[in-house]
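# A look at the structure
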Amino acid sequence: MMEKLPNDNVYKNEDKMVEKSIEAFILGIEIYNKPTIKYRVEGFSFFICNAWELMLKSYLIKTMGQDCIYYKDNRDRTITLENCIRLIFTNDKDPLRLNLEKIVQLRNTSTHFITTEYEMVYVPLFQACVLNYSEKMSDFHGIDMTSYIPQNFLALNISMEAIDNTKIIAKYPEEIAKKLINANEELLSLSSVKNPNFAIVIEHHHYIVKDKKKATSFVGIDNSADAKVKIIKEVRDISKTHPYNAKKCIERINKKLEGLDISVKVNQHSFGLLTKYYSLKGNDNYHYPFETGTITYHSYSQQTIDLIVNEIKNDPVNIIHNIKEALKNK
């Protein structure tokens, strides 16, 4: 999508572009999260791409000047979103760049190829794209998106149904079925690297075992129930409740501290001290471990960020020293 600038240069002020970017971003989320809208994959991909394009062009103007967003041989038109992505995210293996490029590719797909099943294929990318946008809006423009839209609304309503190739082949003409199956296989392969900047992979494992680390749902028995035994199941969507790895947590904590004019900087070491002192890894509200093969990944909730920021805010000068001493004496 190429943005044509009106003659009155209404977009000359990069702040206006940021305002429009935020509006497009919110529209995309609102469209996607409305269950009655069947056009939500196309609608979301259009608005999220528009939001990124305006945000990135505003950043280019701030860092490289107004001229950089125009084609050199055509001053009436601005460069495409694809051009912006390549200018700013120069590493073509960057998971964030790959995520954006795949969503742009979806937006550019002819509408007769987009089926309802595309939602099942692309929602992990959509969720990652929403969080990436929020992060880059903070990095590039110093804007906290949670001041415009509550944190819980940054989680998309998702379908948990998996793609069934047999049903796809039976349901659609060969050309459409082939495109959908190929897209699904390609994105599954790319998502296997487990990088949250590319895709928030949604996995649910249901076990009746002692090791709760392997499960995303938990079963308990209430012996006081009238029926003698009552099964209570709690199912958590980890991509919504615990979307941050340690690096993302540290980045967001430092951004919030900076916004509060607190000079403390959290690093990997101090983050480890804080999580240990407050026993966050033993509390499902703050931390969730999940295993892939022999590797254990650690994801954290927004509550982790809020707790650490609030504790540092209460005593920014002494908190790390006091925690070190307290842990030594344990």
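The structure contained in this document is the topic of the report that follows. Along every chain, residues carry numbers that run from 1 in the direction the sequence is written. Local features in a predicted model are, by the rule used here, given only for residues with pLDDT of at least 70; side-chain atom pairs are given and counted only at 80 or more, and totals for whole chains, interfaces and linings are based on all residues. As a rule here, side-chain values come from all non-hydrogen atoms in the structure, and water together with hydrogens is ignored.

## Let's talk about the pattern of salt bridges
Selection rule: Definition used for salt bridges: Asp or Glu carboxyl oxygen within 4 Å of a side-chain nitrogen of Lys or Arg. Under the scheme used here, helices are H or I runs from DSSP no shorter than 4 residues and strands are E runs no shorter than 2 residues, and both carry numbers assigned from the N terminus. Each residue's exposure class comes from its accessible area (1.4 Å probe, protein chains only) as a fraction of the maximum for that residue type: buried when under 20%, exposed when over 50%, partly exposed otherwise.
Applying the stated rule across the entire model yields nine salt bridges. One salt bridge connects K255 with D139, and the closest N-O pair in it is separated by 3.6 Å. You can see K255 sitting in helix α9 (residues 246–259) and its partner D139 sitting in helix α5 (residues 118–141), a full 116 residues away along the chain. The exposure class of D139 is partly exposed, given its relative accessible area of 34%. The salt bridge involving D144 is made with K256; its shortest N-O contact spans 3.6 Å. Of this pair, D144 sits in the loop between α5 and α6 (165–171) while K256 sits in helix α9, and the two are 112 residues apart along the sequence. The partly exposed category is assigned to D144, whose relative accessible area is 36%. Given the relative accessible area of 26%, K256 is considered partly exposed.

## Thoughts on the state of the cysteines
Disulfides are covalent bonds that link the sulfur atoms of two cysteine residues. Heads up, the condition is: Here, two cysteine sulfur atoms that lie within 2.5 Å of each other are counted as a disulfide.
Throughout the structure, instances matching the rule amount to zero disulfides. As a non-bridged cysteine, C68 has C84 as the owner of its nearest cysteine sulfur, 8.1 Å distant. With no disulfide of its own, C129 has C49 as its nearest cysteine by sulfur position, at a separation of 7.0 Å.

## A look at unusual backbone geometry
A negative phi angle characterises most non-glycine residues, just as the trans form characterises most peptide bonds. The backbone of D261 shows a phi angle near 60°, a positive value even though the residue is not glycine. Position of D261 relative to the elements: it lies in the loop between α9 and α10 (268–277). Note on D261: relative accessible area 72%, which makes it exposed. Although it is not a glycine, S279 adopts a positive phi angle of roughly 50°. Structurally, S279 can be placed in the loop between α10 and β6 (287–292).

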